[in-house]
Amino acid sequence: MAGQPYQLKDVTWKTVRATEYQVAVLPWGATEAHNFQLPYGTDNYESEHVARESARRAWEKGARVVVLPGIPYGVNTGQLDIRLCINMNPGTQAAVLGDIARSLEGQRIRKLLVLNGHGGNDFRQMIRELQPSCGVFISAINWWNCLDPASYFAEPGDHAGELETSAMLHIAPELVLPLSDAGEGKARKFKVAGLREGWAWAPREWSKVTDDTGVGNPAKATLEKGEKFLNAVADRISGFLVDLAAADLDAMYE
Ligand SMILES: [Zn+2]
């Protein structure tokens, strides 16, 4: 059985040669501990699932979108003391992103979406630096907050909480351990008021913030919540992909 034409890792040159792809999607995750109930690859499963579902829906509406194989390493400088959390520095990520974008340039695929699945990744400054020297239009979406999660979850959480655990119960339930195994994902706050209140920012030292590596309580996670949220996210992102595919790069402003 042939692979789906929107999933590059599954298709052959026969399909690629015959398809005028308009937009490439690059899922970008991380390899890190996610409390006791979710696997290290959670951010990769999530970003690849959302990329594939969004591309499938966009394809049904006529947009020729292709999902590239995902990058499984994120910025994890605050988790280096947690065994097998693997860090890829922002500078390395910028080099990887540049190589991928320049590969697409000249292959008539001039639109690239980075679909981010990890809170420690931030592609905006990399894209600003890359854009003037690269003929590919690059955009970025964080899949977990392209919609307000507040109407889907009691307490979404930052990391391995209700949102992510619900999402994984839908994507790969066989990899989620019983919620009775999970810690509460309790996070210690900064003592400095500005940092605690969130209007000043500094990266957090993860193992000083949380005992179970989670930030956010997964107790109210359900498969149904995950399915509902992920469907809404895929609908929204597929709409973006359809718009982006149709957009004239020389006339991007109203
Ligand atoms: Zn995660």
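Up top is the structure.
Parameters at a glance
Residues numbered from 1 in each chain as written. Predicted model: local features only at pLDDT ≥ 70, side-chain atom pairs only at ≥ 80, totals over all residues. Heavy atoms only, no water. Helix = DSSP H or I, 4+ residues; strand = E, 2+ residues; numbered from the N terminus. Rg over C-alpha atoms; globule rule 2.2 N^0.38 Å. Buried < 20%, exposed > 50% of the residue type's maximum accessible area, 1.4 Å probe, protein only. Areas by Shrake-Rupley, 256 points an atom, 1.4 Å probe, with all protein chains shown as cover. Lys, Arg positive; Asp, Glu negative; His and termini not counted. Charge placed at Lys NZ, Arg CZ, Asp CG, Glu CD. Donors = N, O, S within 2.8 Å, 3.2 Å for Na, K, Ca; no water. Tetrahedral: all angles 85-135°; square planar, octahedral: opposite > 155°, others 65-115°. Expected span 1.5 Å × (residues − 1). Contact = heavy atoms within 4.5 Å. Polar contact = N/O pair within 3.5 Å; in protein donor to acceptor, adjacent residues only side chain to side chain. Pairing = 2+ DSSP bridges. Axes fitted to C-alpha atoms, helices over the stretch in contact; angles between N-to-C directions. Parallel < 35°, antiparallel > 145°, perpendicular 65-115°, else oblique. Left-handed = near helix turned anticlockwise from the far one by under 90°. Nonpolar A, V, L, I, M, F, W, Y, C, P; charged D, E, K, R; others polar. Right-handed = clockwise from strand over helix to strand, strands pointing away. Phe/Tyr/Trp six-rings, centres within 6.5 Å; stacked < 30°, edge-to-face > 60°. Patch = residues over 30% accessible without salt bridge, like charges linked within 9 Å, V, L, I, M, F, W, Y side chains within 5 Å. Salt bridge = Lys/Arg side-chain N within 4 Å of Asp/Glu carboxyl O.

Participant: Explain the overall build of the chain here, please?
Facilitator: What the chain contains, in helices and strands, is eight helices and four strands. Over its C-alpha trace the chain gives a radius of gyration of 19 Å, about what one expects of a compact globule, namely 18 Å for 254 residues. With respect to the three principal axes, the spread of C-alpha positions in the chain is 55 × 40 × 35 Å. Put simply, the chain has 254 residues, and 47% of those count as buried. Carbon and sulfur atoms provide 53% of the accessible area of the chain, an area that totals close to 13,400 Å². Within the chain, the 32 negative side-chain charges are centred at a point lying 2 Å from the centre of the 26 positive side-chain charges.

Participant: Where do I start with the coordination of the zinc ion in this structure?
Facilitator: Perfect tetrahedral coordination of a metal by four donors corresponds to 109.5 degrees between them, and perfect octahedral coordination by six donors corresponds to 90 or 180 degrees. For the zinc ion, the full set of protein donor atoms is H34 (NE2), D43 (OD), E164 (OE) and E164 (OE), at a range of 1.9 to 2.7 Å. Classification of the site at the zinc ion as irregular follows from its four donor atoms and the range of 52 to 145° in their angles at the metal. Read in sequence order, the donor residues for the zinc ion give the motif H-x8-D-x120-E. Taken together, the residues span a long stretch of sequence, with D43 in helix α2 (residues 42–60) and E164 in helix α5 (residues 162–171) at a distance of 121 residues. Each member of the pair D43 and E164 is classed as buried.

Participant: Where do I start with helix α3 (residues 90–104) in this structure?
Facilitator: Residues spaced three or four apart along an α-helix face the same direction, because each turn holds 3.6 residues. With 15 residues, α3 should cover 21 Å at 1.5 Å per step; its first-to-last C-alpha distance of 21 Å lies within 8% of that length. Buried residues of α3: Q93, L97, G98, I100, A101 and L104, and no others. Close packing links the buried residues of α3 with β1 (23–28), β3 (111–116), α4 (124–130) and β4 (137–142). Looking one or two residues beyond α3, the residue adopting positive phi is G106, at roughly 90°.

Participant: Can you help me understand the side chain of T19 in this one?
Facilitator: The topology assignment puts T19 in the loop between α1 (13–18) and β1. In this structure the side chain of T19 is engaged in a polar contact, spanning 2.7 Å, whose partner is the backbone oxygen of T15. Once residues within four sequence positions are removed from consideration, T19 is found in contact with W59 and R64.

Participant: Any chance you could explain the sheet that holds β3 here in plain terms?
Facilitator: In a beta sheet, neighbouring strands are held together by backbone hydrogen bonds and run either parallel or antiparallel to one another. Strand order in the open sheet formed by four strands is β2-β1-β3-β4, and the pairing between neighbours is parallel. At either margin of the open sheet sits one strand with a lone partner, and together these are β2 (65–67) and β4. Here the average twist between neighbouring strands, direction ignored, is 25°. Lying over the sheet, α3 contacts β1, β3 and β4, oriented at roughly 160° with respect to β1. In the packing of helix α8 (residues 223–246) onto the sheet, contacts are made with β1, β2, β3 and β4, and the angle to β3 comes to roughly 160°.

Participant: Please explain the packing of α2 against α8 as it appears in this structure.
Facilitator: Relative orientation of the contacting elements α2 and α8 amounts to 55°, with a least axis distance of 8 Å. By the angle between their axes, α2 is oblique relative to α8. The hand of the α2/α8 crossing is right-handed. Of the residues in α8, those touching α2 at H49, V50, E53, S54, A55, R57 and A58 are L230, N231, V233, A234, D235, I237, S238, L241 and V242. Along the lines of polarity and charge, the residues of the contact of α2 with α8 split into nine nonpolar, four polar and three charged.

Participant: Which parts of the structure should I look at to understand the pairing of β4?
Facilitator: In terms of strand pairing, β3 meets β4 through six bridges, oriented parallel. If you follow V114 over to β4, its bridge partner there is A140. Assessed by its sense of winding, the connection that carries the chain from β3 through α4 to β4 is right-handed.

Participant: Explain the packing of aromatic side chains to me, please; I cannot follow it from the model alone.
Facilitator: Both the distance between ring centres and the angle between the ring planes are used here to describe each pair of aromatic rings. The final tally for this structure, using the stated rule, is six aromatic pairs. Consider the rings of W143 and F229, whose centres lie 6.4 Å apart with planes at 50°: the pair is tilted. Of this pair, W143 sits in the loop between β4 and α5 while F229 sits in helix α8, and the two are 86 residues apart along the sequence. We note that W143, like F229, is buried.

Participant: Mind showing me how you'd approach a nonpolar patch on the surface here?
Facilitator: Residues Y40, Y73, L84 and I86 make up a contiguous nonpolar surface patch of about 350 Å² in total accessible area. When you line up the elements, I86 lands in the loop between β2 and α3.

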